[in-house]
Amino acid sequence: MKKPPREEPRDDLTVTPPKTWAAGVPAVVHALEYSLEQTSPRQSAVDLLTMNQVDGIDCPGCAWADPAPGRRHRNEYCENGAKHINDEATTRRITAGFFREHSVSDLGRRSDMWLNQQGRLTEPMVKRPGSDHYEPISWRDALNLLAEELKALDTPDEAVFYTSGRVSNEAAFVLQLFARAYGTNNLPDCSNMCHESSGFALHETLGTGKGTVGLDDLHHADLIFLVGQNPGTNHPRQLSALEQAKSNGARIVAVNPLPEAGLLRFKNPQKARGLIGQGVRIADRFLHIRPGGDMALFQALNRLLLEAEDARPGKVLDHAFIDGCTSGFEEFAEHARDVSWDDVLAATGLAREEIEQVRDEVLRSERVVVCWAMGITQHKHGVPTIREIVNFLLLRGNLGRAGAGACPVRGHSNVQGNRTMGIWEQMPDSFLDALQREFGFDPPRAHGLDSVNSIKAMREGRIKFFLGVAGNFVRAAPDSAVTEEAMRSCRLTAHVSTKLNGSHTVCGQTALILPTLGRTERDRQAGGEQFVTVENSMSEVHTSRGRLKPASSLLLSEVAILCRLARRTLGDGPGNVPWEEFEADYSAIRDRIARIVPGLHDFNRRVARPGGIRLPNPVNEGVYRTATGKAMFTSNACHVPRVPEGHLLLQTLRSHDQWNTIPYTHNDRYRGIHGSRRVVMVNPADLNALALTGGDRVDLVSVWHDDAERRAEGFEVVPYPTARGSAAAYYPETQVLVPLDSVADLSNQPTSKGIVVRLERAVP
Ligand SMILES: Nc1nc2c(c(=O)[nH]1)N[C@H]1C(S)=C(S)[C@@H](COP(=O)(O)OP(=O)(O)OC[C@H]3O[C@@H](n4cnc5c(=O)[nH]c(N)nc54)[C@H](O)[C@@H]3O)O[C@H]1N2
Ligand SMILES: Nc1nc2c(c(=O)[nH]1)N[C@H]1C(S)=C(S)[C@@H](COP(=O)(O)OP(=O)(O)OC[C@H]3O[C@@H](n4cnc5c(=O)[nH]c(N)nc54)[C@H](O)[C@@H]3O)O[C@H]1N2
Ligand code: SF4
Ligand SMILES: [Mo]
């Protein structure tokens, strides 16, 4: 077994030219290096071969869909999936001795990378009021402590229950059931910081919060937009789908302020010919857009399509679809014709011809898919931008038919499933009514708190109890100083976790670490060996079965922890929830889900079939559950992001070697950045104007209309071909710069991709 590092790795930056292709041999070698470091080679090979296979482990990485059962490759995983699974399957362990050696204050000074590298958590720990150390506690005492705190609150709304998208459907369902039986809808989740803007805009305009396409649609599209996403790093197997689409003749338009490697070329490591040569070109057109300019881009495209229709009446728009299935067209069209080219060019930084060329691509294409991710949702105008994408799709009837549609590319492997299971602070009455019928208690109806509002409520002393099931809330949330103070003001903070992270070091008066099984591990309960289920980005629900021996004999599953906590907190009431039966046999949970969630009827039987269940999407059946009963065109004021002279618009993003808040190494291979994450990427022309050069040390200072100083210190400047006026730096190191009040309109999602900053020369 390799020992975990005792020291923090030092920053030692080297910069090489960014790569112009993704995946291929170095990707495979690189994944193996990380595997060997984390686990024994034998164990790692066993895990990987069952990954994303029928009856195997669902990759704990992103939510990208698997090909149909007969079409899966023997190695149906990517470099990063291999890293994520090996990070969980590490042979390193954290024991009670570790916490004796390291005080909470000491751990609080460590990076999340170092904390994660110490290995798997092995037994429940408590930090008592006034103490600076975690000490062991039995499960019984830990759960009693939590239950007593919950019973002592003045109202159930003084508690919040956070989840991250790695938890299974079964655990998510049990968690929301417990929270609602206890009496609150305070169910913030990582989705509030991720695709909330997509959910809001799609719900409003199409009547469903989910994407409308499956893998087959991508394979058969004529034109695919990749907007605000970096698939080479964050959804690598999407590149295989794009490769297949291209071999079927698809064209691809990538829209991004950074020329990301995975948008340019792809060498498929699953194919012999993928290992040599140039690989496949991905983007036929690359729009080097300014951050936040996408709304203007789609407005311009919409205007151009309307004008093309004027020139060739009846030949451009899908009138049958517009007349039969949509509302609001006339008003939208009038507004869209007025969008000003000056605004569009200022907002996008593109040339008019580039946008006209994309219009021509659209006019040549029968079937169009638009894919997007955080580059769209994490902006102040994320919701109206997605509305414009919907307008764009509606104009030519690119919805509800094969090869066309909307594809918000989800992050966490089960983030979409968590929502299906009721993890949302504002679940509709239809869901709450179903819970009431099934379990005989009256769930609270008032909307609960999302992530940002939970922090505000903590700050105001309205929240006393925080339970996080998976995730790293403190690091994932914006405005680190504010969030940390808010967490510290709680009476009790507790986390159900596989590995140590920064959130465990920012404690309420009492703090608990509740270690749990990971997805790779065998889950044995009284009723026998269990599997769980998850839902991918394309609404396919399937099983995941871990096979490894648990990291410690003291680990409980998430379902077991939550069912036991519910029994201790709620006793025999309210209603009749068979918590014990749920814990013993997860199929009992699925039987109930089957009666509550539309589309999951006969859940246990259907999910056991190879490939699982594809949840119906009403849009694909021509049903729009919107205010007008139709797909809604909307009119949105054009937004031109403006940054004061001498400032830049900063986006905070992921490197190739990290999983969200957890960096695995200091490298970002595709961008040519090695040995340090404290870097800020800036366009050379902007550096010139700011009298800075590569290698200079700067502080990033966030500019916001309050008096608080938000400063991230000691970043090295890297000249990089990012769009003019913008900069990029890694999250979570830059979390301190994102003001809590800087949120997307309507979705309340933090604007992690649109922070106005100035670069100040660091004092040496
Ligand atoms: N390896 C790995 N995989 C992951 C994750 C991980 O941390 N590591 N995280 C998972 C999760 S939870 C998520 S949500 C997804 C995130 O997947 P992505 O959304 O791809 O993740 P980000 O790194 O945030 O990158 C956003 C991309 O948007 C671009 N961008 C930024 N601003 C704009 C803009 O205004 N307009 C346009 N057009 N583009 C813009 C950036 O340059 C970048 O390429 O990945 C998932 N997969
Ligand atoms: N500035 C900025 N902020 C952002 C973003 C950004 O782009 N920029 N992205 C946002 C996005 S898209 C997201 S999704 C959030 C991510 O927010 P989170 O989902 O809260 O964060 P993660 O880093 O994925 O959480 C990692 C932790 O999850 C725990 N874990 C892993 N697997 C399991 C498991 O199987 N069970 C349990 N119980 N625990 C497990 C481990 O303890 C690990 O330390 O961050 C958001 N915050
Ligand atoms: S693309 Fe996503 S789901 Fe697929 S193996 Fe890679 S990380 Fe896992
Ligand atoms: Mo995410």
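Scroll up a little and you will see the structure.
No experiment lies behind these values; they were computed from the predicted model shown.

Participant: I'd like to hear about the overall build of the protein chain, residue by residue, with values.
Facilitator: For the protein chain, the helix and strand inventory stands at 30 helices and 33 strands. Here the protein chain has a C-alpha radius of gyration of 25 Å; the compact-globule value for 764 residues is 27 Å, and the two agree. When the backbone C-alpha atoms are referred to their principal axes, the protein chain occupies close to 75 × 65 × 55 Å. Within the protein chain, the fraction of its 764 residues that count as buried is 65%. Here the contacts in the protein chain between residues at least 6 apart in sequence split such that 79% fall between residues at least 24 apart. On the protein chain, roughly 26,900 Å² of surface is accessible, and the fraction owed to carbon and sulfur atoms is 49%. Counting 88 positive and 94 negative side-chain charges, the protein chain places the averaged centre of each group 5 Å from the other.

Participant: If you had to explain the pattern of salt bridges to someone new, which residues and values would you point to?
Facilitator: A side chain of one charge can pair with a side chain of the opposite charge if their charged atoms are brought near each other. Under the counting rule described, the total for this entry stands at 56 salt bridges. Arg 352 is paired through a salt bridge with Glu 356; the nearest N and O atoms lie 3.0 Å apart. Of this pair, Arg 352 and Glu 356 both sit in helix 18 (residues 352-363), separated by 4 residues, roughly a single helical turn. Within this structure, Lys 246, Arg 251, Asp 284, Arg 285, Glu 361 and Arg 364 form a network of salt bridges that share partners.

Participant: Would you mind going over the nonpolar core in detail, with residue names and values included?
Facilitator: By size, the foremost hydrophobic cluster in this structure holds 69 residues, and its most contacted members are Phe 161, Leu 467, Trp 579 and Phe 582. When residues in this core are grouped by element, the largest group, 10 residues, is from helix 8 (residues 169-182). Apart from the residues lying within four places of it in its own chain, the contact partners of Trp 579 are Val 174, Leu 177, Phe 178, Cys 563, Ala 566, Arg 567 and Leu 570. The next biggest cluster of nonpolar side chains, apart from the first, holds 54 residues, and it includes Ala 308, Ala 333, Val 358 and Val 619.

Participant: Explain the environment of Cys 59 to me, using residue names and the numbers behind them.
Facilitator: Its location among the elements puts Cys 59 in the loop between helix 2 (41-50) and helix 3 (79-88). In sequence terms Cys 59 and Asp 668 are 609 residues apart; their C-alpha atoms lie 22 Å from each other. Beyond its immediate sequence surroundings of up to four residues, Cys 59 is in contact with Met 51, Asn 52, Gly 81, Ser 413 and Arg 519.

Participant: Any chance you could break down the sheet that holds strand 11 (residues 280-281) for me, citing the residues and the numbers?
Facilitator: One open sheet accounts for 3 strands, arranged 2-10-11; its pairing is mixed. Looking at strand neighbours, the two that pair on one side only are strand 2 (22-23) and strand 11, the edges of this open sheet. In the sheet, strand 2 pairs with strand 10 (residues 265-267) via 2 bridges, with the strands oriented parallel. Bridging across to strand 10, Ala 23 finds its partner in Lys 267.

Participant: Give a description of the site of ligand 2 that names residues and reports values.
Facilitator: Ligand 2 sits among 30 residues. The nearest are Tyr 162, Ser 164, Glu 558, Thr 661 and Tyr 731. Between Ala 470 and ligand 2, the recorded distance is 3.5 Å, taken from a backbone N or O atom to a nitrogen atom. Take Asn 501: an N or O atom from its side chain is 2.8 Å from an oxygen atom of ligand 2. Across the complex, the protein chains shield 97% of the 930 Å² of accessible surface that ligand 2 would expose by itself.

Participant: Report on the site of ligand 1, specifying residues and quantitative values.
Facilitator: In the vicinity of ligand 1 lie 33 residues, with Asn 256, Glu 260, Gly 292, Asp 294 and Asn 660 positioned nearest. In the model, an oxygen atom of ligand 1 is placed 2.6 Å from a nitrogen or oxygen of the Asn 256 side chain. Summarising the interface, the protein chains cover 99% of the accessible area of ligand 1, which totals 920 Å² for the free molecule. Listed by contribution, the elements that provide at least two residues to the shell around ligand 1 are helix 3, helix 11 (231-234), helix 19 (374-377), strand 25 (648-653) and strand 26 (658-659). Partitioning the shell around ligand 1 into residue classes produces 12 nonpolar, 17 polar and 4 charged.

Participant: Hey, could you go over the environment of Gly 622 for me, with residue numbers and the actual values?
Facilitator: Within the secondary structure layout, Gly 622 lies in the loop between strand 23 (613-614) and strand 24 (631-632). For Gly 622, a relative accessible area of 47% corresponds to the partly exposed category. Sequence separation between Gly 622 and Gly 324 is 298 residues, and the spatial gap between their C-alpha atoms is 9.9 Å.

Participant: Could you give me a rundown of the side chain of Asn 398, with the residues and numbers involved?
Facilitator: When you line up the elements, Asn 398 lands in the loop between helix 20 (382-395) and strand 15 (405-408). Contact partners of Asn 398, with chain neighbours within four places excluded, come to Glu 366, Arg 367, Val 368, Leu 393, Ala 404 and Gly 405.

Participant: How would you summarise the packing of aromatic side chains if you had to cite specific residues and measurements?
Facilitator: Geometry of an aromatic ring pair is reported as the spacing of the ring centres plus the angle between the planes. One pass over the structure, following the stated rule, counts 19 aromatic pairs. Consider the rings of Tyr 162 and Phe 466, whose centres lie 6.3 Å apart with planes at 25°: the pair is stacked. Here the residue Tyr 162 occupies a position in strand 7 (residues 159-163), and Phe 466 occupies one in strand 16 (residues 465-469), the gap between them amounting to 304 residues. You can call Tyr 162 buried: its relative accessible area is 2%. Residues Phe 173 and Phe 439 carry aromatic rings whose centres are separated by 6.4 Å and whose planes lie at 45° to one another, so their mutual orientation is tilted. Remark: Phe 439 occurs in helix 22 (residues 429-439) and Phe 173 occurs in helix 8; sequence separation between them is 266 residues. Taking the relative accessible area as the measure of exposure, Phe 173 reaches 0% and is therefore buried. A relative accessible area of 0% means that Phe 439 is categorised as buried. One aromatic cluster in this structure is built from Phe 98, Phe 99, Trp 114 and Tyr 134. One residue, Arg 110, lies across the ring of Trp 114, its end atom 4.1 Å from the ring centre. Between the NZ or CZ atom of Lys 267 and the centre of the ring of Trp 21, over which it lies, the distance is 3.9 Å.

About the cut-offs
Residues numbered from 1 in each chain as written. Chains lettered and ligands numbered in written order. Predicted model: local features only at pLDDT ≥ 70, side-chain atom pairs only at ≥ 80, totals over all residues. Heavy atoms only, no water. Helix = DSSP H or I, 4+ residues; strand = E, 2+ residues; numbered from the N terminus. Rg over C-alpha atoms; globule rule 2.2 N^0.38 Å. Buried < 20%, exposed > 50% of the residue type's maximum accessible area, 1.4 Å probe, protein only. Contact = heavy atoms within 4.5 Å. Areas by Shrake-Rupley, 256 points an atom, 1.4 Å probe, with all protein chains shown as cover. Lys, Arg positive; Asp, Glu negative; His and termini not counted. Charge placed at Lys NZ, Arg CZ, Asp CG, Glu CD. Salt bridge = Lys/Arg side-chain N within 4 Å of Asp/Glu carboxyl O. Core = buried A, V, L, I, M, F, W, Y, C linked by side-chain atoms within 4.5 Å. Pairing = 2+ DSSP bridges. Near = heavy atom within 4 Å. Polar contact = N/O pair within 3.5 Å; in protein donor to acceptor, adjacent residues only side chain to side chain. Nonpolar A, V, L, I, M, F, W, Y, C, P; charged D, E, K, R; others polar. Phe/Tyr/Trp six-rings, centres within 6.5 Å; stacked < 30°, edge-to-face > 60°. Lys NZ or Arg CZ within 6 Å of the ring centre and 35° of its normal.

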